[in-house]
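Spelled out, the chains give:
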Amino acid sequence: MSEPVVLVRRGAYHDSVTLMRVSRALSELPGVTAGMVAMATELNVSILRDMGFQVPDAGPSDLVIAVRADDAGPAVEEAERLLTATAQPAGTAASEQPPLTTRSAAAREPAGLVLVSTPGEYAFFEALDAVEAGLPVMIFSDGVPVEQERRLKELAEAKDVLVMGPDCGTAVIAGAGLGFANVLSPGPVGVVAASGTGAQQVTSLLDWAGVGVSHVLGVGGRDLSAEVGGLSTRRALRMLDDDPATELIVLVSKPPSPEVARSVAELPLRTPVVRALLGVNRPDAASRSAVAGPAAANPAAADPTAPDPTAPDPTAPDLTGAAEEVLRALGRAVPEWPAWLAEPGPRPAAKTLKGLYAGGTLSAEAALLAGTGDFVDFGDDAYTRGRAHPMIDPTLRVETLSRAVETDVVLMDVVLGHGADPDPAASLAPAIARTPATVVIALIGTRGDPQDVDRQAQAFREAGASVFASNAQAARHARSLL
């Protein structure tokens, strides 16, 4: 009979991706009926208890190894071996110890950019080392207090460097993707993004239309808030304005502070800007998209009758509309965006909608466009502390799909590219096929992505889902089913 074993290792930190891989390897061992290795965050402890494990008192800095097996001893030993192997890569001698801090790394050899991906409580100090060394920094970490973000960006302004983040999930620098990044062709469009998945949606659609990008500079989802004041957004806009390879700039943001958005719009730039700012209380729109040129950095100032780019507008375009505005500004045709529709079949009248999203901006856009439903952003800090991001680890969404027995329509995103799940359809498609709900998917990706966007779309379609390259079109389709 399978017996549960739960061990707690105090203060033994491992990153969430490593723990996800060890958990998968543990669950696949012969005789193991359940296994999980995770940091003892509130969410992970709750999941372990739902799995039937009794977890001793432990905190987020403690490691939990939980196994239910006929003989748990060998499984625990294998988990310990895998954790040790990841902590000390094979062939690494003690004399080859890598630098332990950003400061020591910067002193050892020159660097052009520092990427910080640590638990949020430690990220500030590593980023501070980078800025004080005069280096631009991308902070992938979330959970950094907003006061620390403001301090970092004020110091970066004095040091004349860019801080991307915190919670900057996506950047592309001269073709090199950082964090979650789609494979994009080089081209004339530069992107400044206070939204990682928002930037991925716009650039993926542009790629479908044959338009590439110069750079994608993420600034973190809070940069256009009143607390941060758009410090990194202004610097990133000026950098792209000075870049000879950038002919047009797209500014993508989660809901901004109106005052900060207005001040950013007044920034004098030579390069035209398309603004895609996610709006609030707009029943059929998620952004205001407007083109600004050298004589019209502030459209309202240039023309008193022009609409205020920060004012609510129920007919303003969404992120897809922003991509279309870019194409028009470049004199390019707007294509029909790809869609893979499920075979129609008899279904009862739909009344309930649930959104299961990995991208926060995509979730907010879909909720605005659908106008109804219960939306969950599994990429929120509450779900990612001590766990891999849902774009990497589909476990929570698979479990939620299995429980969506009383939901008529499920709307969700699947984001492809480097850093994301190498085959999301492998785990999500079977769960979609089992659910009684009608599933609609926004598939964010390009034909260059390693997951093969056409193969992914076909797998989801065969599982019964309707698939759209445009999140806005997916949301409107889901709404039409109600």
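Residues numbered from 1 in each chain as written. Predicted model: local features only at pLDDT ≥ 70, side-chain atom pairs only at ≥ 80, totals over all residues. Heavy atoms only, no water.

Visitor: Hey, could you go over the packing of helix H5 (residues 120-132) against helix H6 (residues 146-159) for me, with residue numbers and the actual values?
Guide: The N-to-C vectors of H5 and H6 enclose an angle of 10°; their axes lie 10 Å apart at closest approach. The angle between H5 and H6 places the two elements in the roughly parallel class. Here H5 contributes Phe-124, Ala-127, Leu-128, Val-131 and Glu-132 to the contact with H6, which in turn contributes Gln-148, Arg-151, Leu-152, Leu-155, Ala-156 and Lys-159. Of the residues assigned to the contact of H5 with H6, the class counts are seven nonpolar, one polar and three charged. (Axes fitted to C-alpha atoms, helices over the stretch in contact; angles between N-to-C directions. Helix = DSSP H or I, 4+ residues; strand = E, 2+ residues; numbered from the N terminus. Parallel < 35°, antiparallel > 145°, perpendicular 65-115°, else oblique. Contact = heavy atoms within 4.5 Å. Nonpolar A, V, L, I, M, F, W, Y, C, P; charged D, E, K, R; others polar.)

Visitor: Give a detailed account of the sheet that holds strand S20 (residues 466-468), specifying residues and quantitative values.
Guide: Pairing within the open sheet is mixed, and its six strands lie in the order S15-S20-S19-S18-S16-S17. The open sheet terminates on both sides in strands that have one partner only, identified here as strand S15 (339-340) and strand S17 (374-377). For strand S16 (residues 353-357) and strand S18 (residues 409-415), the ladder comprises four bridges, and the chain directions are parallel. Each bridged residue has a counterpart across the sheet, and for Gly-355 the counterpart in S18 is Leu-411. Its contacts with the sheet place helix H12 (residues 360-370) against S16, S17, S18 and strand S19 (438-444), and it is angled at close to 170° to S17. (Pairing = 2+ DSSP bridges.)

Visitor: Break down the layout of surface pockets for me, citing the residues and quoting the values.
Guide: Of the pockets and cavities examined, the second largest pocket occupies roughly 670 Å³. Along the walls of the second largest pocket sit 23 residues, with Pro-98, Pro-99, Leu-100, Ser-117 and Thr-118 positioned nearest its centre. Among the elements of the structure, helix H3 (72-87), helix H4 (102-108), strand S4 (114-116) and H5 are those that each provide at least two residues to the lining of the second largest pocket. Taken together, the residues of the lining of the second largest pocket sort by class into 13 nonpolar, eight polar and two charged. (1 Å grid on protein atoms, 1.4 Å probe; cavity = no way out; pocket = protein on both sides within 12 Å on 5 of 7 lines; lining within 4 Å. Points joined across faces, edges and corners; volume = space filled by probe spheres on them.)

Visitor: Which residues make up the pattern of salt bridges, and what are the values?
Guide: All chains considered together, the criterion is met by 22 salt bridges. Close ionic contact of Arg-81 with Glu-78 constitutes a salt bridge, the shortest N to O distance being 2.8 Å. Taken together, the residues Arg-81 and Glu-78, both in helix H3 and three residues apart, mark about one turn of the helix. Classification of Arg-81 by relative accessible area gives partly exposed; the value is 45%. Here the salt bridges share partners, and the residues they tie into one network are Glu-149, Lys-153, Arg-222 and Asp-223. (Salt bridge = Lys/Arg side-chain N within 4 Å of Asp/Glu carboxyl O. Buried < 20%, exposed > 50% of the residue type's maximum accessible area, 1.4 Å probe, protein only.)

Visitor: Any details on the pairing of strand S11 (residues 248-253)? Residues and values, ideally.
Guide: Regular strands have side chains that alternate between both faces of the sheet. When you tally the buried positions in S11, you get six out of six residues, the bulk of the element. Neither face of S11 is left uncovered, since the one carrying Leu-248, Val-250 and Val-252 and the one carrying Ile-249, Leu-251 and Ser-253 both have all their residues buried. Direction of pairing for strand S9 (residues 186-194) relative to S11: parallel, over a ladder of six bridges. Residue pairing in the sheet places Val-191 in a bridge with Val-250 of S11. Relative to strand S12 (residues 273-278), S11 runs parallel, the two being bridged by five bridges. Each residue of the ladder has a partner; that of Ile-249, found in S12, is Val-273. Each parallel crossover has a hand, and the one from S11 via helix H9 (residues 258-265) to S12 is right-handed. (Right-handed = clockwise from strand over helix to strand, strands pointing away.)

Visitor: Let's hear about the sheet that holds strand S5 (residues 137-139): which residues, and what values?
Guide: The sheet built from three strands is open, its strands ordered S4-S5-S6 with parallel pairing. If you trace the sheet from one side to the other, it starts and ends with S4 and strand S6 (163-164), each paired once. Bridge count for S5 against S6 is two bridges, and the pairing is parallel. Bridged to Met-138 within S6 is Met-164.

Visitor: Could you give me a rundown of the nonpolar core, with the residues and numbers involved?
Guide: Core analysis: the largest hydrophobic core is formed by 91 residues, its most contacted members being Leu-411, Met-412, Ile-432, Ile-441, Leu-443 and Phe-460. Dropping the residues within four chain positions of it, Ile-432 is found in contact with Leu-401, Met-412, Val-439, Ile-441, Phe-460, Ala-463 and Ala-465. Val-192, Ala-194, Leu-240 and Val-264 belong to the second largest nonpolar core, which has 23 residues in total. (Core = buried A, V, L, I, M, F, W, Y, C linked by side-chain atoms within 4.5 Å.)

Visitor: Account for empty space enclosed by the protein, with residues named and values stated.
Guide: On inspection of all chains with the given rule, the structure shows five cavities of 30 Å³ or more. In this structure, the second largest cavity occupies an estimated 70 Å³ of space. Elements supplying a minimum of two residues to the lining of the second largest cavity: S18 and helix H15 (424-434). Considered class by class, the residues forming the lining of the second largest cavity number eight nonpolar, no polar and two charged.

Visitor: Tell me about the packing of aromatic side chains, residues and numbers included.
Guide: In this structure the tally under the stated criterion is five aromatic pairs. For the ring pair Phe-140 and Phe-180, a centre distance of 5.7 Å and an interplane angle of 55° mean the geometry is tilted. Placement of Phe-140 in the loop between S5 and H6 and of Phe-180 in the loop between strand S8 (176-179) and S9 is noted, with a sequence separation of 40 residues between them. Its relative accessible area of 26% is what places Phe-140 among the partly exposed residues. The exposure class of Phe-180 is buried, given its relative accessible area of 5%. Ring geometry for Phe-378 against Tyr-383: centres 5.1 Å apart, planes inclined by 55°, an arrangement best described as tilted. Residue Tyr-383 is classed as partly exposed on the basis of its relative accessible area, which comes to 28%. Between Arg-68 and the ring centre of Phe-53, over which it is positioned, the NZ or CZ distance is 4.6 Å. (Phe/Tyr/Trp six-rings, centres within 6.5 Å; stacked < 30°, edge-to-face > 60°. Lys NZ or Arg CZ within 6 Å of the ring centre and 35° of its normal.)

In short, shape yes, function no, at least from these values alone.
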